[in-house]
Amino acid sequence: MTVLTGAGVSAESGVPTFRDAQTGIWAQFRPEELATPEAFAANPERVWKWYAWRRQMVAAAKPNPGHLALVELERKVTQFTLITQNVDGLHQRAGSRNVIELHGNISRVKCSAENIVVTEYDEDGGVPPRCRRCGAFLRPDVVWFGENLPEAALSAAERASEKCDVFFSIGTSAVVYPAAALPHAALDSGAILVEINPQRTPLTADADFFLQGPSGVILPALLKATWPDAA
Ligand code: OAD
C-alpha cells in the first residue's frame, strides 16, 4: 500500500492548506512573492520571515486523528510507504516510519549557495542568517516552485507507486507535478486508487473510490470498519 498526502491532512491540525479559498495561506500572500528562488533573491528577508512564521505554526501544531490513523495503518499492512508533499513533519511526529518527503522539511535549513543542510547558525545576526562556511544566506530546506525535487526521494516515490496494489491520495489538490503524476503511475501499474478529500479534484474522476470528507474523520472510520476489533 502506498499513500500520498498533501496539505489537507494537516488542515485539522490547524496548519493552513495552500489552495483553499477561505483559509489557504495563498489567499493572503501571492506564492510567487514567497516560495520561489526569484522571490528569495529579490527579498530574502521577507521570505525568511514568512517561513519562520510557518515554522512556528508547525511547531505548535499537533498530529490529528488522520495522521494517527496512518500510523496504525502502517502497523497493519505488510508493505507501506507514505509519500508526503507536506514539509511540516507531522507524519513523523505522529509515529509514521516509512515516510518519503517530496518537498523537503521546514524545520531544516540549508545554505542557498552550497545546497547543504546546516545545523548551526547565528540567529541574532542579520535576517536571513548567513552560512558560517561561505557567508551566503541560509534558506529553508524546502522545494520552491521551479526547483527540482530531491532525486532520491522522487525515485523512491515512483517505485513505491508503481509496485503497490492500493494507492491512497489524501488531502491533496493533485495539481502540483511531479507529485500529481504518482497516482497515475499507480493506476497504470494496475493499482486500485482511493481518494480522500472533502472536495473533488482533477484526480477524482480516475479514482476507483472517492471517500468525500476530512481525512481526520474518514481515515479513523476506515480503519475501524476494516479492523473492528482493533483498539
Ligand atoms: P493544496 O492546498 O493544493 O490542497 C489541499 C487539499 O486538501 C485540497 O484538495 C482540499 O480540498 C483538501 N482538504 C482540505 N481540508 C481537508 C481535510 N480536513 N482533510 C482532507 N483533505 C482536506 O495542498 P497540496 O495538494 O498539498 O508545494 O499542494 C501541493 C503543493 O503545492 C504543496 O506541497 C506546496 C504547494 O505549492 C511546494 O511548496 C513545493
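Conventions we followed
Residues numbered from 1 in each chain as written. Predicted model: local features only at pLDDT ≥ 70, side-chain atom pairs only at ≥ 80, totals over all residues. Heavy atoms only, no water. Helix = DSSP H or I, 4+ residues; strand = E, 2+ residues; numbered from the N terminus. Buried < 20%, exposed > 50% of the residue type's maximum accessible area, 1.4 Å probe, protein only. Contact = heavy atoms within 4.5 Å. Areas by Shrake-Rupley, 256 points an atom, 1.4 Å probe, with all protein chains shown as cover. Lys, Arg positive; Asp, Glu negative; His and termini not counted. Charge placed at Lys NZ, Arg CZ, Asp CG, Glu CD. Pairing = 2+ DSSP bridges. Axes fitted to C-alpha atoms, helices over the stretch in contact; angles between N-to-C directions. Expected span 1.5 Å × (residues − 1). Arc of directions from axis to C-beta. Polar contact = N/O pair within 3.5 Å; in protein donor to acceptor, adjacent residues only side chain to side chain.

A. Spotlight on the overall build of the protein chain. Secondary structure summary: the protein chain contains nine helices and nine strands in total. Counting only C-alpha atoms, the protein chain reaches 55 × 30 × 30 Å along its principal axes. Across the 231 residues of the protein chain, 49% fall into the buried class. Pairs at least 24 residues apart make up 62% of the contacts formed inside the protein chain by residues separated by at least 6 positions. For the protein chain, the computed accessible surface area is about 11,600 Å², with 51% contributed by carbon and sulfur atoms. Taking the average location of the 21 positive side-chain charges in the protein chain and that of its 26 negative ones, the two points are 5 Å from each other.

B. Local environment of the sheet that holds strand β1 (residues 2–5). Here we have six strands laid out as an open sheet, ordered β3-β2-β1-β7-β8-β9, and parallel in their pairing. Edge strands, defined here as strands with exactly one partner in the open sheet, are β3 (99–101) and β9 (209–212). Ignoring strand direction, the axes of neighbouring strands in this sheet form an average angle of 15 degrees. Of the strand pairs in this sheet, strand β2 (residues 81–84) and β3 are connected by three bridges, and their pairing is parallel. Across the sheet, residue Ile83 finds its bridge partner in β3, namely Ile100. Where helix α7 (residues 151–163) meets the sheet, its contacts fall on β1, β2, β3 and β7 (166–170), and the angle it forms with β3 comes to roughly 130 degrees.

C. Expanded view of α7. With 13 residues, α7 should cover 18 Å at 1.5 Å per step; its first-to-last C-alpha distance of 19 Å lies within 8% of that length. Burial in α7 covers these residues: Ala153, Leu154, Ala157, Ala160 and Ser161. Taken end-on, α7 shows its buried residues confined to a sector of 130 degrees, consistent with a single buried face. Summarising the geometry of α7, the exposed residues directed more than 90 degrees from the buried face are Glu151, Ala152, Arg159 and Lys163. Buried residues along α7 sit in contact with β1, β2, β3, β7 and α8 (182–188).

D. Expanded view of the side chain of Thr5. Summarising the element assignment, Thr5 is placed in strand β1. Take Thr5: its relative accessible area is 0%, and that puts it in the buried class. Once you skip the residues sitting within four places of it in the chain, Thr5 turns out to touch Leu70, Leu82, Ile83, Thr84, Gln85, Asn86, His91 and Ile170.

E. A look at the pairing of β7. Most of β7 is tucked away, with four of its five residues classed as buried. Where β1 lies against β7, four bridges are found, and the strand directions are parallel. By the bridge assignment for β7, Thr2 is matched with Phe167. Relative to strand β8 (residues 192–197), β7 is paired through five bridges, and the arrangement is parallel.

F. Structural detail: the side chain of Thr84. Checked against the element boundaries, Thr84 lands in strand β2. With a relative accessible area of 1%, Thr84 lands in the buried category. In this structure the side chain of Thr84 is engaged in a polar contact, spanning 2.7 Å, whose partner is the side chain of Thr5.

G. Representation of the pairing of strand β4 (residues 104–111) within the structure. Burial runs high along β4: six of the eight residues are buried. The pairing of β4 with strand β6 (residues 138–142) spans five bridges and is classified as antiparallel. If you follow Gly104 over to β6, its bridge partner there is Val142. Taken together, the two bridges between β4 and strand β5 (residues 117–118) define a ladder with antiparallel strand orientation. Across the sheet, residue Lys110 finds its bridge partner in β5, namely Val117. In this structure, the hairpin formed by β4 and β5 is closed by a connection of five residues, where Asn115 is found at a positive phi of approximately 60 degrees.

None of the figures reported here should be taken as evidence of function without further support.
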